[in-house]
Structures are given as C-alpha cells and as structure tokens.
Amino acid sequence: MSSIDYVVFDLGGVLVDWDPRYLYRKIFDTEAEVEFFLRDIFSHDWILASDAGRPLDDCIAELVARHPDYAGPIRAYRDRWHEMVTGPIEGTVDILRKLKSDGVALFVLSNWSRDTWPHALEAFEFLDWFDGLVVSGLEGVAKPDAEIFRRLEGHGVDLSRALFIDDRADNIAAAEALGMTGIVFSDAPDLHQRLSALKLI
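First things first, this report covers the structure right here in the doc. (Residues numbered from 1 in each chain as written. Predicted model: local features only at pLDDT ≥ 70, side-chain atom pairs only at ≥ 80, totals over all residues. Heavy atoms only, no water.)

## Here we look at the packing of aromatic side chains
Consideration 1: Following the criterion strictly, the structure yields 16 aromatic pairs and no others.
Consideration 2: Among the aromatic residues, those joined into a ring-pair cluster are Y24, F28, F36, F37, F42, Y70 and Y77. (Phe/Tyr/Trp six-rings, centres within 6.5 Å; stacked < 30°, edge-to-face > 60°.)

Below is the structure:
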C-alpha cells in the first residue's frame, strides 16, 4: 500500500500544454528574439505578479510603460493568451483519469492568473475531476511561496501524505520542504513509471 493519500497536480506544463513561445514565435522572426523578449522584457517575476492575483491589465500597463517599444507584444500576452495553450497533455490526462477511477484523492495547485482562469475552466473538462483546486490568482499567493501549499490543508490534505507533481524544480523543492513528496514532471511515461514505483498506479 502506498504511503501517499493525496496526489496534487500543477497544470501548466503538466496537464496543460502552455508555453508563451507558441505565441511569440508568431510575433518575432527569430528564436533569439523570442528568448530575449521572454528573458529581458517579460520575466518569471512579472508573470508571478499576475499569478499571485494582481490584475493582468495593471501588470500589462506597468510593463508597457517600462518598455514602450514592445507594447504590441506585451499586450499580446493578454489579447492572444489562448495562442499560448495548445490543449491538454493527453498522456498526463490519461494518468489522471486512471487515478480518478481508482479513487485517489486529487487536487490542483497551480500558478494561474485570476483573469485567465475562467478560460481554463471552460476549456478543460478534467478540472471537474478534482476534489479541490488551489489557484494562485484566486488565493493571492503563488508558488513557490510556502503559504500556497498550506492552503491545501484547508481542503483536508495532510501534506506529509501528499504527492506534488510540477514541472519546475524550485516548486518541488518548496513542496518537499513542507514534507510533501515531489516529482519533477518531464513527460507522461516517466510520470507513469514514478507513480508505479510509489504503488499509486
């Protein structure tokens, strides 16, 4: 029998194929321009501000004021958001379906903007399969802040008996520091193998 009673999934990069490069490769001519924009104009900290509940329009306006030459591409992050999402990662959704059918308690812990969250609820029916959803934009705090992991406890999750699956090593490190078991997601076959080793699937 597994020592894990709860399985907690990140969304983007794990269950949802989200990558801003899908959009910005249409806007810029070269991969170097795309990477420059995402590294030096956008940044992980900028995305985290929106993910932590700040209105996306405010984040966009502030960034446009700092980089007016990139106003169009910056605003595209909001106006063409759907072009950054290709759909579900089917292999992981299959794993989720199996866990659900086996009666495993399932939760979401995801960094996601409050403004775009309604689109996710509409687009991904598998979100209805979860026993609880902890979404940063609604909680007002984002990974890897320890506080958002503790919000799972409000859903009855014992962190010491919970597995967290995320594609970012820093988020997994934060989860493990609170006693959770962590898996850095790479692809569905690897995840299946790791879950099998934990006797979860």
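## A few points about the sheet that holds strand β1 (residues 6–9)
Consideration 1: One open sheet holds the five strands; their spatial order is β5-β4-β1-β6-β7, and the pairing between them is parallel. Looking at which strands have only one partner, the edges of the open sheet turn out to be β5 (132–135) and β7 (181–184). Pairs of neighbouring strands in the sheet enclose a mean axial angle of 20°, with direction left out of account.
Consideration 2: As judged from the four bridges shared by β1 and strand β6 (residues 162–166), these two strands associate in the parallel manner. In the strand pairing of β6, Y6 is matched with A162.
Consideration 3: Contacting β6 and β7, helix α10 (residues 169–177) runs over the sheet at an angle of about 165° to β6. (Pairing = 2+ DSSP bridges. Helix = DSSP H or I, 4+ residues; strand = E, 2+ residues; numbered from the N terminus. Axes fitted to C-alpha atoms, helices over the stretch in contact; angles between N-to-C directions. Contact = heavy atoms within 4.5 Å.)

## Regarding the packing of helix α4 (residues 56–66) against helix α5 (residues 71–79)
Consideration 1: At their nearest, the axes of α4 and α5 sit 9 Å apart, and the two run at 170° to each other. The angle between α4 and α5 falls in the class roughly antiparallel. Mapping the contact onto sequence places L56, D57, I60, L63 and V64 in α4 and A71, I74, R75, Y77 and R78 in α5.
Consideration 2: Tallied by class, the residues present in the contact of α4 with α5 amount to seven nonpolar, no polar and three charged. (Parallel < 35°, antiparallel > 145°, perpendicular 65-115°, else oblique. Nonpolar A, V, L, I, M, F, W, Y, C, P; charged D, E, K, R; others polar.)

## A few points about the pairing of β7
Consideration 1: Pairing of β6 with β7 involves four bridges; the strand directions are parallel. Looking at β7, one finds that L163 is bridged to T181.
Consideration 2: With α10 bridging β6 and the parallel β7, this β-α-β connection has right-handed handedness. (Right-handed = clockwise from strand over helix to strand, strands pointing away.)

## Comments concerning the layout of surface pockets
Rolled over the atoms, a probe sized like a water molecule indicates the empty space that remains.
Consideration 1: As a volume, the largest pocket reaches approximately 740 Å³.
Consideration 2: Every residue lining the largest pocket is counted, 29 residues in all, and those nearest its centre are W18, P20, H44, I47 and R168.
Consideration 3: Those elements that place two or more of their residues in the lining of the largest pocket are β2 (16–18) and α3 (44–51).
Consideration 4: Here the lining of the largest pocket gets five residues from one element, more than from any other, and that element is α3.
Consideration 5: In terms of residue class, the lining of the largest pocket is built from 10 nonpolar, 10 polar and nine charged. (1 Å grid on protein atoms, 1.4 Å probe; cavity = no way out; pocket = protein on both sides within 12 Å on 5 of 7 lines; lining within 4 Å. Points joined across faces, edges and corners; volume = space filled by probe spheres on them.)

## Remarks on the nonpolar core
Consideration 1: V7, F9, Y24 and F126 are the most contacted members of the largest nonpolar core, which has 53 residues in total.
Consideration 2: Take this core: its biggest share by element is five residues, from α4.
Consideration 3: Beyond its immediate sequence surroundings of up to four residues, V7 is in contact with L99, V104, A105, L106, F107, L163, I165 and L200.
Consideration 4: One finds A105, I148, A174 and M180 within the second-largest nonpolar core, a separate group that totals 18 residues. (Core = buried A, V, L, I, M, F, W, Y, C linked by side-chain atoms within 4.5 Å. Buried < 20%, exposed > 50% of the residue type's maximum accessible area, 1.4 Å probe, protein only.)

Everything listed is a geometric property; what it means functionally is a separate question.
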